[in-house]
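Descriptive analysis of the structure
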Amino acid sequence: MQAIDHHAWTNRWRNRHPVEKLLPALTLLALTLALPPLTIGPLVLAATLLATVRGAGIPLKTVLSVLAAPAAFLLAGAPFLAISVRFHDGFSVQFSPDGLRLAVDTMVRALAATSCLTALILTTPLTDLVPLLRRVGVPTGIVELILLIYRLIFVFAERALTGRQAQAARLGYSSVPRGIRSAGWLAGALFQRALERAQRLELGLTARGYAGELRVLPSECALSWSRLALSMTLVGLIGLTSSLLARGLA
Amino acid sequence: MHIAEGFLPPLHAAVWTAVALPFVIAGARRANRLMQDQPQTKLLLAASGAFAFVLSALKLPSVTGSCSHATGAGLGAILFGPSVMALLGTIVLLFQALLLAHGGLTTLGANVFSMAIVGPWVAYGLLRGTQRLHAPLAVSVFLAAMLGDMATYAVTAGQLALAFPDPASGVAGSFIKFIGIFAPTQLPLAVIEGLLTVVIVNLLQQYSQNELRELQAFPQWSAVEIRS
């Protein structure tokens, strides 16, 4: 979490308008889902890696480590699609060629889609993306709530980590039953602190004239139409190439 | 149990998003109204949402040795009620996608439906039902959290089965296949989460009566408090 957030705030594309990053990423994501995975998948993976590493200047190691966790889940889960079970005359498990194609397709599609997501989240902090929700009709109150949650997450995460270390140092996790009790106490204590924190925030804000609206100074950066047009053209080219490739192969 | 980004075919992703949307909108409306009536509710909800996210990232001691996480659906439903939980759960899942690359945007609807809607509603229904039967609070809470968890996994298995029917035995065969894959890791996990939730609720009951009374903004809690 810290790594993704850190790069989102410090990468080379940090000060570009969020729409310049969101729109191409979402379009690429939609294309990945819509077109045949085997032709578009590798293109999307290459494009997103290039964009994050060459463009935004995020170390390749970081990008790969962020991709590694979902990739491991896919490797563990997708092979089961290639296995077919039968229930007449008893129970039998067998390998199915159709299933194998489905498994490969799904894995490539999911990996490419995840790379679109990681490209977006590694280059754009959450606080830039969430205000865009207002444009699609999410009420201002809910957007503020989401931003408040984002800010509190890091405070609570630190507390949880410290609490856990303290418990572990006192052998709180030396056996499973003890571990359950420790984890429960930790979560309960965390909840008490969370409520306390909310009360203190309320008190502090009321003292400053809070009446239901949090006023903050948003950082303004102009939307560059030329950059947006360029990246959307590239995304369009990827889609075009892959559908031509698919037709050529078929 | 998150479905990864891009794992579901586009049609399924769209349908699950459409199914989840009304619940989330209803939760958001309710929360928005609460926040407008009482501005301090916003801070309480924010603290609760952040707590839910951190709880879901908390590693549980697991017997199988694999790293496993709590869903928090049961505890959330008990503390905040299922309608607000639909909103908070959606925000938590969005954050997991955007901060941890866990789950995804296209599969958000499917994940919201299993984890932020079905799980909390099952947990809440069980809590109310067993409380009406005058079961001890610990038993109620345990059953609610454990079965809420299991309901979540069953729904996820169902979603995967519908998306990837088995070539030989169809959707039903595929459902059994996915349930079979989940069961060995998720059954013990559900039991652990049930026990964990009991520990948390016990602790809160002992030491946080005042704070829980504050949660009267979520009237569901009163069901638990009256009986205790």
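If you're wondering where the values come from, they're calculated on a predicted model, not measured in any experiment.

1. Some remarks on the overall build of chain B
- When its secondary structure is counted, chain B shows nine helices and two strands.
- Each helix (α) and strand (β) of chain B, taken in turn from the N terminus, gives the series α-α-β-β-α-α-α-α-α-α-α.
- Looking at chain B residue by residue over its 228 residues, the buried ones come to 62%.
- Long-range contacts, defined here as pairs at least 24 residues apart, represent 71% of the contacts in chain B between residues at least 6 apart.
- As displayed, chain B offers around 8,000 Å² of accessible surface, 67% of which is attributable to carbon and sulfur atoms.

2. Description of the overall build of chain A
- Secondary structure summary: chain A contains nine helices and two strands in total.
- Reading chain A from its N terminus to its C terminus gives the helix and strand order α-α-α-α-β-β-α-α-α-α-α.
- Judged by the C-alpha coordinates and their principal axes, chain A covers about 70 × 60 × 35 Å.
- Relative to all contacts within chain A whose residues are 6 or more apart in sequence, the contacts with residues 24 or more apart total 72%.
- For chain A, the computed accessible surface area is about 13,300 Å², with 65% contributed by carbon and sulfur atoms.
- For chain A, the separation between the mean place of its 24 positive charges and that of its 12 negative charges on side chains is 6 Å.

3. Some thoughts on the nonpolar core
- A:Ile149, A:Ile153, B:Phe7, B:Phe95, B:Val112 and B:Leu160 are the most contacted members of the largest nonpolar core, which has 113 residues in total.
- Broken down by element, this core gets its largest block of residues, 14 residues, from helix α7 (residues 140–169) of chain A.
- Taken domain by domain, the makeup of this core includes at least three residues from each of domain 1 (2–124) and domain 2 (133–207) of chain A.
- If we skip the residues at most four places from it in the chain, B:Phe95 touches A:Leu126, A:Ile146, A:Ile149, A:Tyr150, A:Ile153, B:Phe53 and B:Leu100.

4. Some points on the interface of chain B and chain A
- On the chain A side, the residues contacting the 66 residues of chain B number 68 residues.
- When the area that chain B buries against chain A is broken down by residue, the three leading residues are B:Lys42, B:Leu43 and B:Leu99, summing to 11%.
- The residue A:Glu144 makes a salt bridge to B:Lys42 at a minimum N-O spacing of 2.5 Å.
- Looking at the side of chain B that touches chain A, the elements that each hand over two or more residues are α1 (10–37), α2 (40–57), α3 (73–80), α4 (82–100), α7 (170–207) and α8 (209–214) of chain B.
- Classifying every residue of the side of chain B that touches chain A by side-chain character gives 48 nonpolar, eleven polar and seven charged.

5. Things to note about the packing of aromatic side chains
Residue and element names in this part refer to chain B.
- Considering all chains together, one arrives at seven aromatic pairs over all chains under this definition.
- Centroid distance Trp16 to Phe113: 5.2 Å. Interplanar angle 35°. Geometry classified as tilted. With Trp16 in helix α1 and Phe113 in helix α5 (residues 108–132), this pair connects stretches of sequence that are 97 residues apart.
- A relative accessible area of 13% means that Trp16 is categorised as buried.

6. Section: the pattern of salt bridges
All names here are of chain A.
- On inspection of all chains with the given rule, the structure shows five salt bridges over all chains.
- Notably, a salt bridge pairs Asp128 with Arg14, separated by 3.0 Å at the nearest N-O pair. Taken together, the residues span a long stretch of sequence, with Asp128 in helix α6 (residues 126–129) and Arg14 in the loop between α1 (2–10) and α2 (18–34) at a distance of 114 residues.

7. Some words on the confidence of the model for chain B
Residues and elements named next belong to chain B.
- Averaged over every residue, the pLDDT of chain B is 83; the share at 70 or more is 86%.
- Low pLDDT, under 50, characterises residues 63–67; the stretch is placed with five contacts to residues that sit more than four places away or in other chains.
- This stretch, residues 216–228, has a pLDDT under 50; its non-local contacts, to residues over four places away or in other chains, come to 31 contacts.
- Predicted complex, confidence summary: ipTM 0.89, pTM 0.89.

8. Section: the side chain of B:Ser114
Residues and elements named next belong to chain B.
- Locating Ser114 in the fold gives a position in helix α5.
- From its side chain, Ser114 meets the backbone oxygen of Asn111 in a polar contact 3.2 Å long.
- Aside from chain neighbours lying at most four places away, what touches Ser114 is Gly119, Thr152, Val155, Thr156 and Gln159.

9. Considering α3(B)
All names here are of chain B.
- Of all eight residues making up α3, eight are buried, and the element is well covered by its neighbours.
- Of the residues making up α3, those classed as buried are Ala73, Gly74, Leu75, Gly76, Ala77, Ile78, Leu79 and Phe80.
- Phi turns positive one or two residues past the end of α3, at Gly81, with a value near 85°.

10. Observations concerning the domain arrangement of chain A
- Domain boundaries assigned for chain A yield domain 1 (2–124) and domain 2 (133–207).
- Computed from C-alpha atoms alone, the centre-to-centre distance between domain 1 of chain A and domain 2 of chain A is 30 Å.

11. Quick notes on α2(A)
- Over its 17 residues, α2(A) extends 24 Å from the first C-alpha to the last, a length consistent with the 24 Å expected when each residue adds 1.5 Å.
- Buried within α2(A) we find A:Pro18, A:Val19, A:Glu20, A:Lys21, A:Leu22, A:Pro24, A:Ala25, A:Leu28, A:Leu29, A:Thr32 and A:Leu33.
- Summarising the contacts, the buried residues of α2(A) are in contact with α3 (37–55), α5 (97–123), α6 and α9 (225–249) of chain A together with α1 of chain B.

12. Remarks on the environment of A:Leu195
All names here are of chain A.
- Mapping Leu195 onto the fold places it in helix α8 (residues 176–207).
- A relative accessible area of 6% means that Leu195 is categorised as buried.
- Measuring from C-alpha to C-alpha, the distance between Leu195 and Leu205 comes to 15 Å, with ten residues separating the pair along the chain.

13. So, the environment of A:Leu186
- Structurally, A:Leu186 is set in helix α8.
- Classification of A:Leu186 by relative accessible area gives buried; the value is 7%.
- Sequence-distant contacts of A:Leu186, that is, excluding residues within four places in its chain, are made with A:Ala160, A:Gly163, A:Arg164, A:Gln167, A:Tyr173 and B:Leu58.

What counts, and where the lines are drawn
- Residues numbered from 1 in each chain as written.
- Chains lettered and ligands numbered in written order.
- Predicted model: local features only at pLDDT ≥ 70, side-chain atom pairs only at ≥ 80, totals over all residues.
- Heavy atoms only, no water.
- Helix = DSSP H or I, 4+ residues; strand = E, 2+ residues; numbered from the N terminus.
- Buried < 20%, exposed > 50% of the residue type's maximum accessible area, 1.4 Å probe, protein only.
- Contact = heavy atoms within 4.5 Å.
- Areas by Shrake-Rupley, 256 points an atom, 1.4 Å probe, with all protein chains shown as cover.
- Lys, Arg positive; Asp, Glu negative; His and termini not counted.
- Charge placed at Lys NZ, Arg CZ, Asp CG, Glu CD.
- Core = buried A, V, L, I, M, F, W, Y, C linked by side-chain atoms within 4.5 Å.
- Domains from an automatic or database assignment.
- Buried area = accessible area lost by both parts, 1.4 Å probe.
- Salt bridge = Lys/Arg side-chain N within 4 Å of Asp/Glu carboxyl O.
- Nonpolar A, V, L, I, M, F, W, Y, C, P; charged D, E, K, R; others polar.
- Phe/Tyr/Trp six-rings, centres within 6.5 Å; stacked < 30°, edge-to-face > 60°.
- pLDDT = per-residue confidence, 0-100.
- Polar contact = N/O pair within 3.5 Å; in protein donor to acceptor, adjacent residues only side chain to side chain.
- Expected span 1.5 Å × (residues − 1).

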